[in-house]
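For reference, the chains in residue letters:
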Amino acid sequence: MRAHPAGPAHGDLINPAAPNLPPEDLNGLHPSVWPATAERSDGVLSIGGLDVRDLVRDFGSPLYLLDEADLRARARALREAFAGAEVYYAGKAFLSVGFARWVASEGFGLDVCSGGELAIALRAGFPVDRIAMHGNNKSERELTRAVEAGVGTIVLDSYAEIVRLADIAAKADIRQRVMVRTTVGVEAHTHEFIATAHEDQKFGFSFSSGAAAEAVRRVLKLPSLELVGLHSHIGSQIFDTAGFEVAAKRVVQLLADIREEHDVELAELDLGGGLGVAYTAEDDPAQLHRFAADLRTIVAYECGRHGLKMPKIVVEPGRALVGPAGITLYEVGTVKPVQLDAGAVRHFVSVDGGMSDNIRTALYDAAYTCALASRGSDAEPMLARVVGKHCESGDIVVKDAWLPADVQPGDLLAIAGTGAYCRSMASNYNQVPRPPVVSVGSGQAKVLLRRETEDDLLRLDAG
Ligand SMILES: *Cc1c(COP(=O)(O)O)cnc(C)c1O
(Lines give C-alpha, C1' and ligand atoms only; values in the text may rest on other atoms or scores of the structure.)
Protein backbone atom coordinates (compact mmCIF):
# COMPACT_ATOMS: atom_id res chain seq x y z
CA MET A 1 0.00 0.00 0.00
CA ARG A 2 1.32 3.43 -0.87
CA ALA A 3 1.32 6.25 1.63
CA HIS A 4 -0.55 9.36 0.59
CA PRO A 5 0.01 12.87 1.81
CA ALA A 6 -2.39 13.68 4.63
CA GLY A 7 -3.72 16.86 3.07
CA PRO A 8 -4.41 18.40 -0.30
CA ALA A 9 -0.80 18.47 -1.40
CA HIS A 10 -1.19 17.29 -4.95
CA GLY A 11 -0.33 20.62 -6.51
CA ASP A 12 -2.59 21.56 -9.36
CA LEU A 13 -4.05 18.08 -9.62
CA ILE A 14 -6.46 18.63 -6.81
CA ASN A 15 -9.78 20.36 -6.78
CA PRO A 16 -9.67 22.58 -3.69
CA ALA A 17 -13.44 22.39 -3.33
CA ALA A 18 -13.40 18.63 -2.87
CA PRO A 19 -14.01 17.74 0.74
CA ASN A 20 -12.48 14.30 0.79
CA LEU A 21 -8.98 12.98 0.83
CA PRO A 22 -7.96 10.32 -1.62
CA PRO A 23 -8.55 6.76 -0.45
CA GLU A 24 -5.62 5.01 1.17
CA ASP A 25 -5.25 2.65 -1.70
CA LEU A 26 -6.65 3.38 -5.13
CA ASN A 27 -6.20 -0.27 -6.01
CA GLY A 28 -8.37 -1.41 -3.09
CA LEU A 29 -12.07 -2.25 -3.22
CA HIS A 30 -14.15 -1.11 -0.27
CA PRO A 31 -16.20 -4.19 0.66
CA SER A 32 -19.38 -2.32 1.59
CA VAL A 33 -19.46 -0.64 -1.82
CA TRP A 34 -18.33 -3.33 -4.29
CA PRO A 35 -20.20 -6.58 -4.99
CA ALA A 36 -19.27 -9.68 -3.01
CA THR A 37 -17.13 -11.36 -5.67
CA ALA A 38 -15.34 -8.21 -6.88
CA GLU A 39 -11.62 -8.91 -6.84
CA ARG A 40 -8.46 -7.43 -8.24
CA SER A 41 -5.60 -9.40 -9.55
CA ASP A 42 -2.65 -7.40 -10.85
CA GLY A 43 -4.99 -4.47 -10.67
CA VAL A 44 -7.54 -5.99 -13.04
CA LEU A 45 -11.08 -6.21 -11.73
CA SER A 46 -13.03 -9.44 -11.91
CA ILE A 47 -16.64 -10.12 -10.90
CA GLY A 48 -18.16 -13.57 -10.54
CA GLY A 49 -14.78 -15.00 -11.47
CA LEU A 50 -14.71 -13.17 -14.82
CA ASP A 51 -12.14 -10.61 -15.93
CA VAL A 52 -13.89 -7.35 -16.83
CA ARG A 53 -11.70 -6.96 -19.94
CA ASP A 54 -13.04 -10.27 -21.27
CA LEU A 55 -16.60 -9.26 -20.43
CA VAL A 56 -16.26 -6.01 -22.33
CA ARG A 57 -14.67 -7.85 -25.26
CA ASP A 58 -17.65 -10.25 -25.33
CA PHE A 59 -20.53 -7.88 -24.52
CA GLY A 60 -19.22 -4.43 -25.37
CA SER A 61 -19.14 -1.21 -23.39
CA PRO A 62 -20.90 0.30 -21.52
CA LEU A 63 -21.96 -2.82 -19.70
CA TYR A 64 -24.12 -3.44 -16.65
CA LEU A 65 -23.07 -6.46 -14.60
CA LEU A 66 -24.97 -8.17 -11.79
CA ASP A 67 -23.05 -10.34 -9.33
CA GLU A 68 -25.16 -13.46 -8.75
CA ALA A 69 -23.43 -14.48 -5.52
CA ASP A 70 -23.96 -11.00 -4.13
CA LEU A 71 -27.64 -11.09 -5.09
CA ARG A 72 -28.16 -14.48 -3.50
CA ALA A 73 -26.46 -13.36 -0.28
CA ARG A 74 -28.62 -10.23 -0.15
CA ALA A 75 -31.78 -12.24 -0.79
CA ARG A 76 -30.88 -14.63 2.02
CA ALA A 77 -30.08 -11.74 4.38
CA LEU A 78 -33.44 -10.09 3.60
CA ARG A 79 -35.32 -13.36 4.13
CA GLU A 80 -33.60 -14.02 7.44
CA ALA A 81 -33.86 -10.46 8.72
CA PHE A 82 -37.55 -10.22 7.84
CA ALA A 83 -38.53 -13.78 8.83
CA GLY A 84 -42.21 -13.68 9.75
CA ALA A 85 -42.82 -10.67 7.50
CA GLU A 86 -43.45 -10.60 3.76
CA VAL A 87 -40.81 -9.19 1.45
CA TYR A 88 -41.99 -7.77 -1.87
CA TYR A 89 -39.19 -6.76 -4.22
CA ALA A 90 -39.88 -3.35 -5.81
CA GLY A 91 -39.52 -4.19 -9.48
CA LYS A 92 -39.00 -0.61 -10.56
CA ALA A 93 -35.41 -0.84 -9.22
CA PHE A 94 -34.58 -3.35 -11.95
CA LEU A 95 -36.77 -5.82 -13.79
CA SER A 96 -36.43 -8.32 -16.58
CA VAL A 97 -38.15 -11.64 -17.23
CA GLY A 98 -35.17 -13.65 -16.01
CA PHE A 99 -34.71 -11.46 -12.97
CA ALA A 100 -38.41 -11.72 -12.06
CA ARG A 101 -38.13 -15.52 -12.21
CA TRP A 102 -35.16 -15.39 -9.90
CA VAL A 103 -37.06 -13.10 -7.48
CA ALA A 104 -39.93 -15.61 -7.43
CA SER A 105 -37.57 -18.53 -6.83
CA GLU A 106 -36.12 -16.70 -3.82
CA GLY A 107 -39.61 -16.62 -2.29
CA PHE A 108 -40.29 -12.90 -2.59
CA GLY A 109 -43.36 -11.12 -3.80
CA LEU A 110 -43.11 -8.42 -6.47
CA ASP A 111 -44.25 -4.81 -6.60
CA VAL A 112 -45.17 -3.46 -10.01
CA CYS A 113 -46.34 0.06 -10.75
CA SER A 114 -47.24 0.07 -14.42
CA GLY A 115 -48.72 -2.10 -17.14
CA GLY A 116 -45.22 -2.64 -18.51
CA GLU A 117 -43.83 -3.93 -15.24
CA LEU A 118 -46.90 -6.15 -14.87
CA ALA A 119 -46.38 -7.49 -18.40
CA ILE A 120 -42.81 -8.52 -17.54
CA ALA A 121 -43.98 -10.22 -14.35
CA LEU A 122 -46.71 -12.10 -16.23
CA ARG A 123 -44.30 -13.11 -18.99
CA ALA A 124 -42.01 -14.48 -16.27
CA GLY A 125 -44.88 -16.52 -14.87
CA PHE A 126 -44.52 -14.72 -11.55
CA PRO A 127 -47.08 -16.16 -9.08
CA VAL A 128 -49.83 -13.58 -9.48
CA ASP A 129 -51.08 -13.81 -5.93
CA ARG A 130 -47.67 -12.51 -4.85
CA ILE A 131 -47.79 -9.43 -7.08
CA ALA A 132 -48.79 -6.05 -5.66
CA MET A 133 -49.67 -3.17 -7.92
CA HIS A 134 -48.89 0.43 -7.01
CA GLY A 135 -49.16 3.81 -8.68
CA ASN A 136 -50.95 7.10 -8.26
CA ASN A 137 -52.52 6.98 -11.72
CA LYS A 138 -53.15 3.42 -12.81
CA SER A 139 -55.20 3.48 -15.95
CA GLU A 140 -58.46 1.64 -16.46
CA ARG A 141 -56.60 -0.73 -18.74
CA GLU A 142 -53.86 -1.38 -16.23
CA LEU A 143 -56.36 -2.04 -13.46
CA THR A 144 -58.45 -4.31 -15.67
CA ARG A 145 -55.44 -6.31 -16.69
CA ALA A 146 -54.30 -6.62 -13.07
CA VAL A 147 -57.72 -7.78 -11.90
CA GLU A 148 -58.13 -10.23 -14.76
CA ALA A 149 -54.64 -11.62 -14.25
CA GLY A 150 -55.43 -12.22 -10.57
CA VAL A 151 -52.91 -9.78 -9.09
CA GLY A 152 -52.81 -10.40 -5.34
CA THR A 153 -53.00 -6.87 -4.00
CA ILE A 154 -53.79 -3.50 -5.51
CA VAL A 155 -52.70 -0.49 -3.49
CA LEU A 156 -55.33 2.23 -3.77
CA ASP A 157 -54.11 5.77 -4.21
CA SER A 158 -57.11 8.06 -4.90
CA TYR A 159 -60.89 8.31 -4.47
CA ALA A 160 -61.35 8.06 -8.23
CA GLU A 161 -59.38 4.84 -8.27
CA ILE A 162 -61.48 3.28 -5.52
CA VAL A 163 -64.60 3.64 -7.66
CA ARG A 164 -62.80 2.62 -10.86
CA LEU A 165 -61.33 -0.53 -9.35
CA ALA A 166 -64.54 -1.49 -7.55
CA ASP A 167 -66.39 -1.36 -10.90
CA ILE A 168 -63.76 -3.39 -12.71
CA ALA A 169 -63.66 -6.04 -9.97
CA ALA A 170 -67.46 -6.20 -9.80
CA LYS A 171 -67.70 -6.72 -13.58
CA ALA A 172 -65.07 -9.45 -13.40
CA ASP A 173 -66.97 -10.97 -10.47
CA ILE A 174 -63.85 -10.81 -8.33
CA ARG A 175 -63.39 -9.62 -4.78
CA GLN A 176 -60.09 -7.78 -5.15
CA ARG A 177 -57.68 -7.61 -2.21
CA VAL A 178 -56.65 -3.99 -1.71
CA MET A 179 -54.62 -1.80 0.60
CA VAL A 180 -55.05 1.92 1.16
CA ARG A 181 -51.90 3.94 0.70
CA THR A 182 -51.54 6.51 3.42
CA THR A 183 -49.21 9.47 3.56
CA VAL A 184 -48.28 10.05 7.15
CA GLY A 185 -46.22 13.23 6.86
CA VAL A 186 -42.80 11.62 7.07
CA GLU A 187 -40.23 12.16 4.39
CA ALA A 188 -37.06 10.19 4.86
CA HIS A 189 -33.74 10.24 3.08
CA THR A 190 -30.51 8.71 4.36
CA HIS A 191 -30.04 9.69 8.02
CA GLU A 192 -32.47 12.58 7.98
CA PHE A 193 -36.19 12.52 8.04
CA ILE A 194 -38.74 15.28 8.18
CA ALA A 195 -41.99 14.84 10.03
CA THR A 196 -44.69 17.30 9.06
CA ALA A 197 -48.34 17.70 9.84
CA HIS A 198 -49.39 18.04 6.22
CA GLU A 199 -48.55 15.80 3.31
CA ASP A 200 -47.84 17.83 0.22
CA GLN A 201 -47.20 15.14 -2.39
CA LYS A 202 -48.99 13.21 -5.09
CA PHE A 203 -49.05 9.75 -3.51
CA GLY A 204 -51.66 8.27 -1.26
CA PHE A 205 -54.28 9.56 1.14
CA SER A 206 -53.27 12.05 3.76
CA PHE A 207 -53.46 10.92 7.37
CA SER A 208 -53.76 14.33 9.00
CA SER A 209 -56.56 15.68 6.78
CA GLY A 210 -58.72 12.63 7.39
CA ALA A 211 -58.52 11.56 3.72
CA ALA A 212 -57.07 8.16 4.65
CA ALA A 213 -59.89 7.49 7.11
CA GLU A 214 -62.39 8.57 4.44
CA ALA A 215 -60.79 6.25 1.87
CA VAL A 216 -61.12 3.34 4.29
CA ARG A 217 -64.78 4.27 4.89
CA ARG A 218 -65.48 4.21 1.15
CA VAL A 219 -63.58 0.98 0.48
CA LEU A 220 -65.32 -0.87 3.29
CA LYS A 221 -68.71 -0.09 1.69
CA LEU A 222 -67.76 -1.71 -1.61
CA PRO A 223 -68.39 -5.45 -1.77
CA SER A 224 -66.01 -6.03 -4.69
CA LEU A 225 -63.06 -4.75 -2.65
CA GLU A 226 -61.50 -6.58 0.29
CA LEU A 227 -59.50 -4.20 2.45
CA VAL A 228 -56.58 -6.15 3.92
CA GLY A 229 -54.35 -3.42 5.25
CA LEU A 230 -52.70 -0.02 5.14
CA HIS A 231 -49.65 0.96 3.16
CA SER A 232 -47.03 3.62 3.86
CA HIS A 233 -43.81 4.35 1.97
CA ILE A 234 -41.77 7.18 3.43
CA GLY A 235 -38.81 7.55 1.10
CA SER A 236 -35.66 5.95 -0.16
CA GLN A 237 -32.02 5.41 0.74
CA ILE A 238 -32.97 5.45 4.44
CA PHE A 239 -30.17 4.56 6.86
CA ASP A 240 -32.03 4.07 10.15
CA THR A 241 -35.51 3.45 11.53
CA ALA A 242 -36.13 6.88 13.10
CA GLY A 243 -38.46 7.97 10.28
CA PHE A 244 -40.29 4.64 10.39
CA GLU A 245 -40.93 5.20 14.08
CA VAL A 246 -42.93 8.35 13.40
CA ALA A 247 -44.64 6.73 10.40
CA ALA A 248 -45.56 3.61 12.39
CA LYS A 249 -46.99 5.70 15.20
CA ARG A 250 -49.34 7.47 12.79
CA VAL A 251 -50.30 4.49 10.70
CA VAL A 252 -50.99 2.31 13.77
CA GLN A 253 -53.09 5.17 15.15
CA LEU A 254 -55.13 4.88 11.98
CA LEU A 255 -55.48 1.11 12.48
CA ALA A 256 -56.82 1.85 15.96
CA ASP A 257 -59.21 4.51 14.61
CA ILE A 258 -60.48 2.02 12.02
CA ARG A 259 -61.19 -0.56 14.69
CA GLU A 260 -62.99 2.09 16.73
CA GLU A 261 -65.16 3.27 13.84
CA HIS A 262 -65.75 0.04 11.90
CA ASP A 263 -64.98 -2.72 14.38
CA VAL A 264 -62.45 -4.07 11.88
CA GLU A 265 -58.86 -4.96 12.63
CA LEU A 266 -56.83 -4.86 9.43
CA ALA A 267 -54.43 -7.77 9.21
CA GLU A 268 -51.57 -6.30 7.18
CA LEU A 269 -49.28 -3.31 7.48
CA ASP A 270 -47.07 -2.51 4.53
CA LEU A 271 -44.23 -0.20 5.52
CA GLY A 272 -42.89 0.23 2.00
CA GLY A 273 -39.28 0.20 0.90
CA GLY A 274 -36.41 2.59 1.18
CA LEU A 275 -33.71 0.55 2.92
CA GLY A 276 -30.46 2.32 2.12
CA VAL A 277 -27.23 0.97 0.69
CA ALA A 278 -23.63 2.21 0.61
CA TYR A 279 -22.67 4.03 -2.58
CA THR A 280 -19.44 5.36 -1.11
CA ALA A 281 -17.16 4.30 1.74
CA GLU A 282 -18.64 7.13 3.84
CA ASP A 283 -22.16 5.69 3.64
CA ASP A 284 -23.09 3.64 6.67
CA PRO A 285 -26.55 2.10 6.34
CA ALA A 286 -28.00 0.16 9.26
CA GLN A 287 -27.37 -3.57 9.33
CA LEU A 288 -30.32 -5.36 7.83
CA HIS A 289 -31.14 -7.64 10.78
CA ARG A 290 -30.94 -4.69 13.14
CA PHE A 291 -33.16 -2.57 10.90
CA ALA A 292 -35.72 -5.37 10.64
CA ALA A 293 -35.70 -6.07 14.37
CA ASP A 294 -36.15 -2.37 15.15
CA LEU A 295 -39.07 -2.13 12.73
CA ARG A 296 -40.77 -5.09 14.35
CA THR A 297 -40.22 -3.65 17.83
CA ILE A 298 -41.62 -0.27 16.82
CA VAL A 299 -44.78 -1.77 15.29
CA ALA A 300 -45.24 -4.20 18.20
CA TYR A 301 -44.90 -1.34 20.69
CA GLU A 302 -47.41 0.88 18.89
CA CYS A 303 -49.90 -1.97 18.48
CA GLY A 304 -49.43 -2.88 22.14
CA ARG A 305 -50.32 0.68 23.19
CA HIS A 306 -53.61 0.42 21.30
CA GLY A 307 -54.33 -3.18 22.23
CA LEU A 308 -54.19 -4.19 18.55
CA LYS A 309 -53.13 -7.60 17.32
CA MET A 310 -49.72 -7.50 15.64
CA PRO A 311 -50.44 -7.20 11.91
CA LYS A 312 -48.45 -9.05 9.28
CA ILE A 313 -45.67 -6.68 8.26
CA VAL A 314 -44.85 -6.26 4.58
CA VAL A 315 -41.69 -4.51 3.35
CA GLU A 316 -40.81 -3.59 -0.21
CA PRO A 317 -37.07 -3.21 -0.71
CA GLY A 318 -35.84 -2.47 -4.20
CA ARG A 319 -32.41 -0.91 -4.01
CA ALA A 320 -31.35 -3.01 -1.00
CA LEU A 321 -31.66 -6.20 -3.03
CA VAL A 322 -30.25 -5.25 -6.39
CA GLY A 323 -28.34 -1.97 -6.01
CA PRO A 324 -25.00 -3.08 -4.56
CA ALA A 325 -24.93 -6.24 -6.69
CA GLY A 326 -24.56 -4.20 -9.86
CA ILE A 327 -21.69 -2.33 -11.44
CA THR A 328 -21.33 -0.46 -14.71
CA LEU A 329 -18.25 -0.72 -16.90
CA TYR A 330 -17.32 2.12 -19.24
CA GLU A 331 -14.46 2.75 -21.58
CA VAL A 332 -12.62 6.05 -21.24
CA GLY A 333 -12.64 8.07 -24.45
CA THR A 334 -10.95 11.34 -23.52
CA VAL A 335 -9.24 12.94 -20.52
CA LYS A 336 -9.45 16.72 -20.55
CA PRO A 337 -7.74 18.93 -17.98
CA VAL A 338 -9.67 22.16 -17.46
CA GLN A 339 -8.12 25.09 -15.63
CA LEU A 340 -10.29 26.39 -12.78
CA ASP A 341 -10.32 29.93 -11.39
CA ALA A 342 -8.43 29.04 -8.26
CA GLY A 343 -5.54 27.79 -10.34
CA ALA A 344 -6.61 24.21 -9.83
CA VAL A 345 -7.26 21.81 -12.65
CA ARG A 346 -10.28 19.62 -13.02
CA HIS A 347 -9.78 16.47 -15.05
CA PHE A 348 -12.87 15.57 -17.04
CA VAL A 349 -12.74 11.88 -17.83
CA SER A 350 -15.29 11.15 -20.55
CA VAL A 351 -16.80 7.70 -20.86
CA ASP A 352 -18.88 6.04 -23.56
CA GLY A 353 -22.22 6.27 -21.70
CA GLY A 354 -23.55 8.71 -19.14
CA MET A 355 -26.94 10.13 -18.26
CA SER A 356 -28.73 7.75 -20.64
CA ASP A 357 -27.59 4.73 -18.59
CA ASN A 358 -27.30 6.44 -15.19
CA ILE A 359 -29.50 9.48 -14.64
CA ARG A 360 -29.16 9.42 -10.85
CA THR A 361 -26.22 11.81 -10.58
CA ALA A 362 -27.92 14.40 -12.78
CA LEU A 363 -31.32 13.82 -11.18
CA TYR A 364 -30.46 13.67 -7.47
CA ASP A 365 -26.81 14.55 -7.25
CA ALA A 366 -26.14 10.91 -6.33
CA ALA A 367 -22.62 9.98 -5.25
CA TYR A 368 -20.84 6.95 -6.67
CA THR A 369 -17.55 5.13 -6.25
CA CYS A 370 -15.40 4.67 -9.30
CA ALA A 371 -12.29 2.61 -9.99
CA LEU A 372 -9.88 1.99 -12.79
CA ALA A 373 -10.84 -1.58 -13.69
CA SER A 374 -8.67 -2.78 -16.55
CA ARG A 375 -5.23 -2.41 -14.98
CA GLY A 376 -3.45 -1.45 -11.79
CA SER A 377 -1.61 1.84 -11.47
CA ASP A 378 0.89 3.33 -9.08
CA ALA A 379 0.29 6.85 -10.33
CA GLU A 380 -0.67 9.55 -7.87
CA PRO A 381 -4.36 10.00 -7.15
CA MET A 382 -6.05 12.64 -9.23
CA LEU A 383 -9.42 14.16 -8.50
CA ALA A 384 -11.47 13.61 -11.61
CA ARG A 385 -15.00 14.19 -12.80
CA VAL A 386 -16.34 11.25 -14.73
CA VAL A 387 -18.70 12.55 -17.39
CA GLY A 388 -20.74 10.98 -20.14
CA LYS A 389 -20.99 11.57 -23.88
CA HIS A 390 -24.34 13.36 -23.94
CA CYS A 391 -25.12 16.89 -24.99
CA GLU A 392 -25.72 18.27 -21.51
CA SER A 393 -23.12 19.75 -19.22
CA GLY A 394 -25.00 18.13 -16.34
CA ASP A 395 -24.20 14.74 -17.85
CA ILE A 396 -22.07 13.64 -14.90
CA VAL A 397 -21.57 10.04 -13.78
CA VAL A 398 -19.30 10.66 -10.78
CA LYS A 399 -18.87 14.22 -9.62
CA ASP A 400 -15.69 13.70 -7.60
CA ALA A 401 -13.77 10.52 -8.33
CA TRP A 402 -10.25 9.70 -7.22
CA LEU A 403 -8.50 8.03 -10.11
CA PRO A 404 -4.84 7.40 -10.82
CA ALA A 405 -3.36 10.39 -12.65
CA ASP A 406 -2.36 8.23 -15.61
CA VAL A 407 -5.95 7.28 -16.53
CA GLN A 408 -6.16 7.35 -20.32
CA PRO A 409 -8.31 6.57 -23.35
CA GLY A 410 -8.99 2.86 -23.66
CA ASP A 411 -8.98 2.27 -19.89
CA LEU A 412 -12.05 0.65 -18.38
CA LEU A 413 -13.73 2.31 -15.42
CA ALA A 414 -16.08 0.52 -13.06
CA ILE A 415 -18.80 2.33 -11.13
CA ALA A 416 -20.08 0.51 -8.05
CA GLY A 417 -23.67 0.26 -6.85
CA THR A 418 -25.46 0.70 -10.17
CA GLY A 419 -27.75 -2.35 -9.92
CA ALA A 420 -30.81 -0.30 -8.97
CA TYR A 421 -32.44 2.61 -10.81
CA CYS A 422 -29.86 2.78 -13.60
CA ARG A 423 -31.04 0.36 -16.30
CA SER A 424 -34.64 0.86 -15.15
CA MET A 425 -34.36 4.64 -15.62
CA ALA A 426 -32.23 4.45 -18.76
CA SER A 427 -33.22 6.43 -21.83
CA ASN A 428 -32.21 6.73 -25.45
CA TYR A 429 -31.17 10.36 -25.14
CA ASN A 430 -29.00 11.33 -28.11
CA GLN A 431 -30.21 8.09 -29.70
CA VAL A 432 -27.74 6.10 -27.66
CA PRO A 433 -28.77 2.43 -27.50
CA ARG A 434 -29.11 1.13 -23.93
CA PRO A 435 -26.40 -1.21 -22.61
CA PRO A 436 -27.03 -4.88 -21.87
CA VAL A 437 -27.43 -6.37 -18.39
CA VAL A 438 -25.31 -9.45 -17.85
CA SER A 439 -25.35 -11.55 -14.70
CA VAL A 440 -22.10 -13.19 -13.69
CA GLY A 441 -21.39 -16.06 -11.32
CA SER A 442 -19.04 -19.01 -11.01
CA GLY A 443 -17.15 -17.98 -14.11
CA GLN A 444 -20.29 -17.87 -16.28
CA ALA A 445 -21.96 -14.88 -17.87
CA LYS A 446 -25.65 -14.77 -18.74
CA VAL A 447 -27.41 -12.02 -20.68
CA LEU A 448 -30.55 -10.79 -18.90
CA LEU A 449 -31.19 -7.92 -21.30
CA ARG A 450 -29.29 -7.69 -24.55
CA ARG A 451 -27.73 -4.52 -25.88
CA GLU A 452 -30.03 -2.29 -27.88
CA THR A 453 -28.97 -1.71 -31.45
CA GLU A 454 -29.53 1.13 -33.87
CA ASP A 455 -32.00 -1.18 -35.59
CA ASP A 456 -33.94 -1.37 -32.32
CA LEU A 457 -34.07 2.42 -32.29
CA LEU A 458 -35.12 2.60 -35.93
CA ARG A 459 -37.79 -0.08 -35.53
CA LEU A 460 -40.02 2.47 -33.81
CA ASP A 461 -39.45 5.08 -36.46
CA ALA A 462 -42.39 5.26 -38.87
CA GLY A 463 -40.07 6.79 -41.50
C1 LIG B 1 -39.81 2.91 -4.86
C2 LIG B 1 -40.68 2.17 -3.94
C3 LIG B 1 -40.16 1.11 -3.21
C4 LIG B 1 -38.71 0.70 -3.27
O5 LIG B 1 -37.86 1.69 -2.81
P6 LIG B 1 -36.31 1.35 -2.58
O7 LIG B 1 -35.75 2.66 -2.15
O8 LIG B 1 -35.74 0.87 -3.85
O9 LIG B 1 -36.25 0.30 -1.52
C10 LIG B 1 -41.03 0.39 -2.42
N11 LIG B 1 -42.34 0.71 -2.33
C12 LIG B 1 -42.87 1.74 -3.01
C13 LIG B 1 -44.32 2.03 -2.88
C14 LIG B 1 -42.06 2.51 -3.83
O15 LIG B 1 -42.59 3.53 -4.50
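Reading the values: the criteria
Residues numbered from 1 in each chain as written. Predicted model: local features only at pLDDT ≥ 70, side-chain atom pairs only at ≥ 80, totals over all residues. Heavy atoms only, no water. Helix = DSSP H or I, 4+ residues; strand = E, 2+ residues; numbered from the N terminus. Rg over C-alpha atoms; globule rule 2.2 N^0.38 Å. Buried < 20%, exposed > 50% of the residue type's maximum accessible area, 1.4 Å probe, protein only. Contact = heavy atoms within 4.5 Å. Areas by Shrake-Rupley, 256 points an atom, 1.4 Å probe, with all protein chains shown as cover. Near = heavy atom within 4 Å. Polar contact = N/O pair within 3.5 Å; in protein donor to acceptor, adjacent residues only side chain to side chain. Nonpolar A, V, L, I, M, F, W, Y, C, P; charged D, E, K, R; others polar. Expected span 1.5 Å × (residues − 1). Arc of directions from axis to C-beta. Salt bridge = Lys/Arg side-chain N within 4 Å of Asp/Glu carboxyl O. Domains from an automatic or database assignment. Buried area = accessible area lost by both parts, 1.4 Å probe. Core = buried A, V, L, I, M, F, W, Y, C linked by side-chain atoms within 4.5 Å. Pairing = 2+ DSSP bridges. Right-handed = clockwise from strand over helix to strand, strands pointing away. Patch = residues over 30% accessible without salt bridge, like charges linked within 9 Å, V, L, I, M, F, W, Y side chains within 5 Å.

A few words now on the overall build of the protein. In terms of helices and strands, the protein carries twelve helices and 24 strands. Radius of gyration (C-alpha) of the protein: 24 Å, near the 23 Å computed for a compact globule of 463 residues. In terms of principal-axis extent, the alpha carbons of the protein reach across some 70 × 55 × 40 Å. Across the 463 residues of the protein, 52% fall into the buried class. The long-range share in the protein, meaning contacts at least 24 apart out of those at least 6 apart in sequence, stands at 70%. Approximately 20,000 Å² of the protein is accessible, and the part contributed by carbon and sulfur atoms is 50%.

What follows concerns the site of the ligand. Taken together, 16 residues sit near the ligand, with Lys92, Gly274, Glu316, Arg319 and Tyr421 positioned nearest. Take Lys92: an N or O atom from its side chain is 2.6 Å from an oxygen atom of the ligand. Residue Arg319 places a main-chain N or O atom 2.8 Å away from an oxygen atom belonging to the ligand. Surface burial for the ligand is 92%, taken as the share of its 390 Å² of free accessible area covered by protein chains. Residue composition of the shell around the ligand, grouped by class: four nonpolar, seven polar and five charged.

The terminal C-alpha atoms of helix H6 (residues 159–171), which comprises 13 residues, lie 19 Å apart, in line with the 18 Å expected from a rise of 1.5 Å per residue. By the burial criterion, the buried members of H6 are Glu161, Ile162, Leu165, Ala166, Ile168 and Ala169. For H6, the angular spread of buried residues about the axis comes to 165 degrees, placing them on one side. Of the surrounding elements, those touching the buried residues of H6 are helix H5 (140–149), strand S8 (153–156), strand S9 (176–183), strand S12 (205–206), helix H7 (211–220) and strand S13 (225–231).

A few words now on the pattern of salt bridges. Taken as a whole and judged by the stated rule, the model has 23 salt bridges. Note that Asp54 and Arg57 form a salt bridge whose closest N and O atoms lie 3.2 Å from each other. Here the residue Asp54 and the residue Arg57 both occupy positions in helix H1 (residues 52–59), the gap between them amounting to three residues, near one helical turn. A salt bridge links Asp294 to Arg290; the shortest N-O distance between them is 3.5 Å. Taken as a pair, Asp294 and Arg290 lie in helix H9 (residues 288–306) at a separation of four residues, close to a single helical turn. On the basis of relative accessible area, Arg290 is assigned to the exposed category, the value being 51%.

Our next topic: the environment of Ala371. Tracing the backbone through its elements, the reader meets Ala371 in strand S19 (residues 370–372). Ala371 sits 42 residues away from Leu329 along the chain, and the two C-alpha atoms are 9.7 Å apart. Ala371 has contacts with Trp34, Arg40, Leu403, Leu412, Leu413 and Ala414, leaving out every residue within four places of it along the chain.

Turning our attention to the domain arrangement of the protein. Domains assigned within the protein are domain 1 (8–60 + 325–459) and domain 2 (69–322). Inter-centroid distance (C-alpha atoms) of domain 1 to domain 2 is 33 Å. Tallying the contact residues gives 22 residues for domain 1 and 17 residues for domain 2. The junction of domain 1 with domain 2 conceals about 1,700 Å² of combined surface from both sides, 59% of it contributed by carbon and sulfur atoms. On the domain 1 side of the interface with domain 2, the three residues burying the most area are Ala325, Tyr421 and Leu448, jointly 30% of the side's total. At the junction of domain 1 with domain 2, the criterion picks out zero salt bridges.

Our focus in this paragraph is the nonpolar core. In a soluble, globular protein the nonpolar side chains are often hidden away together inside. Counting residues in hydrophobic clusters, the biggest one holds 104 residues, and the most contacted among them are Leu230 and Leu413. A total of nine residues in this core trace back to one element, the largest contributor, which is helix H8 (residues 242–262). Two domains each put at least three residues into this core: domain 1 (8–60 + 325–459) and domain 2 (69–322). Grouped together as the second largest cluster of nonpolar side chains are 21 residues, Val33, Leu63, Leu65 and Ala416 included.

This part covers the pairing of strand S5 (residues 86–90). Judged by how many residues are buried, S5 sits mostly within the fold: four of five residues are covered. In terms of strand pairing, S5 meets strand S6 (residues 109–112) through three bridges, oriented parallel. When the sheet's bridge partners are listed, Ala90 is paired in S6 with Asp111. Handedness of the S5-helix H3 (residues 97–105)-S6 crossover: right-handed.

Turning our attention to the side chain of Ser46. Secondary-structure assignment places Ser46 in strand S2 (residues 44–47). Apart from the residues within four sequence positions on either side, Ser46 is in contact with Thr37, Ala38, Glu39, Asp51 and Val52.

Moving on, we get to a nonpolar patch on the surface. Taken together, the side chains of Leu363, Tyr364 and Met425 define a hydrophobic patch exposed on the protein surface, amounting to about 290 Å² of accessible area. Here Tyr364 is to be found in helix H11 (residues 360–364). For Tyr364, a relative accessible area of 46% corresponds to the partly exposed category.

Moving on to the sheet that holds strand S3 (residues 50–51). Pairing is antiparallel across the open sheet formed by three strands, whose spatial order is S1-S2-S3. Edge positions in the open sheet fall to strand S1 (39–41) and S3, since each of these has one partner strand only. Pairing of S1 with S2, which is carried by three bridges, proceeds in the antiparallel orientation. The residue of S2 that forms the bridge with Ser41 is Val44.

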